[in-house]
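Here are the chains, one letter per residue:
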Amino acid sequence: EQQKLKRLKLTKAVTLDGTSIELHANIEVPEDVSHARAAGATGIGLYRTEFLFMNRREMPGEEEQFSAYRSVAEAMKDLPVTIRTLDLGADKEMNPDTARTCTNPALGLRAIRLCLSEPAIFLTQLRAILRASHYGKIKILIPMLSSITELRQTLALIERAKQSLDAEKAHYDKDIQVGGMIEIPAAALCAEAFARELDFLSIGTNDLIQYSLAIDRTDDTVSHLYNPLHPAVLQLVEMTIRAGNKLGKPVSVCGEMAGEAKLARLLLGFGLRQFSMHPSQILTVKRQILQSDLPLITPVARKILGTQDIDRVEPLLQKLNLQ
Ligand code: PEP
Ligand code: MG
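For clarity, every value in this text was computed on a predicted model and none was experimentally measured.

A.B. asks: What should I look at first to understand the confidence of the model for the protein chain in this one?
C.D. replies: Note: predicted coordinates in regions of low pLDDT should not be interpreted at a detailed level. Per-residue confidence for the protein chain gives a mean pLDDT of 96, with 98% of residues at or over 70. Across the protein chain, element-level confidence peaks in strand β6 (residues 200–203) with a mean pLDDT of 99 and bottoms out in helix α1 (residues 2–7) with 84. On the interface metric, ipTM, the complex scores 0.99, and its pTM is 0.97.

A.B. asks: I'm lost on helix α3 (residues 62–75) in this one. Help?
C.D. replies: Helical geometry: 3.6 residues make up each α-helical turn, so side chains three or four residues apart lie on a common side. With 14 residues, α3 ought to run about 20 Å at 1.5 Å a step, and its terminal C-alpha atoms sit 20 Å apart, in line with that. The complete set of buried residues in α3 reads Q65, F66, A68, Y69, R70, V72 and A73. Where α3 ends, the next residue or the one after it, K77, has phi of about 55 degrees, a positive value.

A.B. asks: Would you mind going over the packing of helix α11 (residues 261–269) against helix α13 (residues 294–306) with me for this structure?
C.D. replies: Packed helix pairs are characterised by how far apart their axes lie and by the angle those axes make with each other. Where α11 meets α13, the axes come as close as 8 Å, and the angle between the chain directions of the two elements is 90 degrees. The angle between α11 and α13 falls in the class roughly perpendicular. Between α11 and α13, the residues in contact are R265, L266, L268 and G269 and L294, I297, T298, V300, A301 and I304, respectively. Here the contact of α11 with α13 is composed, by residue class, of 7 nonpolar, 2 polar and 1 charged.

A.B. asks: Got a minute to help me understand the site of ligand 1 in this structure?
C.D. replies: Around ligand 1, the surrounding shell consists of L46, R48, D87, E183, G204, T205, N206, D207, C254 and G255. Elements that contribute at least two residues to the shell around ligand 1 include exactly β2 (44–48) and α9 (205–213). Of all the elements, α9 adds the most residues to the shell around ligand 1, at 3 residues. Tallied by class, the residues present in the shell around ligand 1 amount to 2 nonpolar, 4 polar and 4 charged.

A.B. asks: For this particular structure, what's the right way to read the UniProt feature "binding site: phosphoenolpyruvate" (unreviewed entry) in the protein chain?
C.D. replies: Per the UniProt record, "binding site: phosphoenolpyruvate" (unreviewed entry) is found at R48, R84, N206, D207 and R217. Structurally, the position occupied by R84 is in strand β3 (residues 80–84). For R84, the residues in contact, after removing those within four places along its chain, are L46, Y47, R48, T49, L141 and P143. Tracing the backbone shows N206 in helix α9. Given 17 C-beta atoms within 10 Å, N206 falls into the partly exposed group. When near neighbours in sequence (up to four residues on either side) are disregarded, N206 contacts R217, G255 and E256.

A.B. asks: Whenever I open this one, the nonpolar core confuses me. Can you help?
C.D. replies: Formed by 84 residues in total, the largest nonpolar core has its most connected members in I44, Y69, V72, I129 and F194. In this view, I44 contacts H24, A25, I27, A36, V72, M76, P80, V81 and T82; residues no more than four positions away in its chain are not counted.

The rules behind the values
- Residues numbered from 1 in each chain as written.
- Chains lettered and ligands numbered in written order.
- Predicted model: local features only at pLDDT ≥ 70, side-chain atom pairs only at ≥ 80, totals over all residues.
- pLDDT = per-residue confidence, 0-100.
- Helix = DSSP H or I, 4+ residues; strand = E, 2+ residues; numbered from the N terminus.
- Expected span 1.5 Å × (residues − 1).
- Buried ≥ 20, exposed ≤ 12 C-beta atoms within 10 Å, placed from the backbone.
- Axes fitted to C-alpha atoms, helices over the stretch in contact; angles between N-to-C directions.
- Parallel < 35°, antiparallel > 145°, perpendicular 65-115°, else oblique.
- Contact = placed C-beta atoms within 7 Å.
- Nonpolar A, V, L, I, M, F, W, Y, C, P; charged D, E, K, R; others polar.
- Near = placed C-beta within 6 Å.
- UniProt positions renumbered as here; feature names shortened; annotations may be inferred.
- Core = buried A, V, L, I, M, F, W, Y, C linked by C-beta atoms within 7 Å.

Spelled out as structure tokens, the structure:
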């Protein structure tokens, strides 16, 4: 079974009707690149940079960050590397011993909110990412956006980082793409506005589920309620994919949902053409894609999208996976 899967490594991910699908890898540290390549990933869809900042007292400086980002870009050669800017806070504290206590960390000053309130930290990271973009095909991904105002403030800081590099005549990719994570329901509902101002979208279902169902993703006592198949979650995911497709901006899913083989057809049926997941799941999802026929699955996916009854979803999904 493992051998059979391994043979799929070099097979292109194409559906039965001939639609090409991108299967990217999520990584946390530069060493993960070898797993991504071994699984045949056609890019890094999510590089969670906060792992460079966690479990230490001092923030990594620009040089340390630059060298980590550059090594990933070089290792992936001409394949895309999507670097997510700092997503610190809540489930990803820098130093749990000294973390500020607040009542609702998941709703607090975290991720892009933290970066916008500490522009010096953010600019250091942006400069490091931009400088690394000279050595490969890097894209910037912004986590936890909730409003277009935050997006504009972020884009202004990226501009400032570029100008500071221009002043030093430093090399970077002047056409670097900037995308946004859609992982707050408010952003999913306004996905078209985000798609208009960004180059691509990436749906973070881990947080999207947490925030739409009001379930703390780190709290075991409510984990039985954490359900990616809740009709509200499915509607938000589909709405985001539709917005990106309408405006011709690529959309990816980089939350755990993307790595679940039994959800691949549903996401394909919603119009998703790019998945990013833990490297260990890529071949299983690829096998599912190779056996999927879009004209057959799309009407069933529509039917699933049409129901508000959570108990109807699972039987319909089984039907979809038997197609
Ligand atoms: C997500 O929220 O789905 C996601 C991909 O980001 P993280 O799990 O790092 O919050
Ligand atoms: Mg997230």
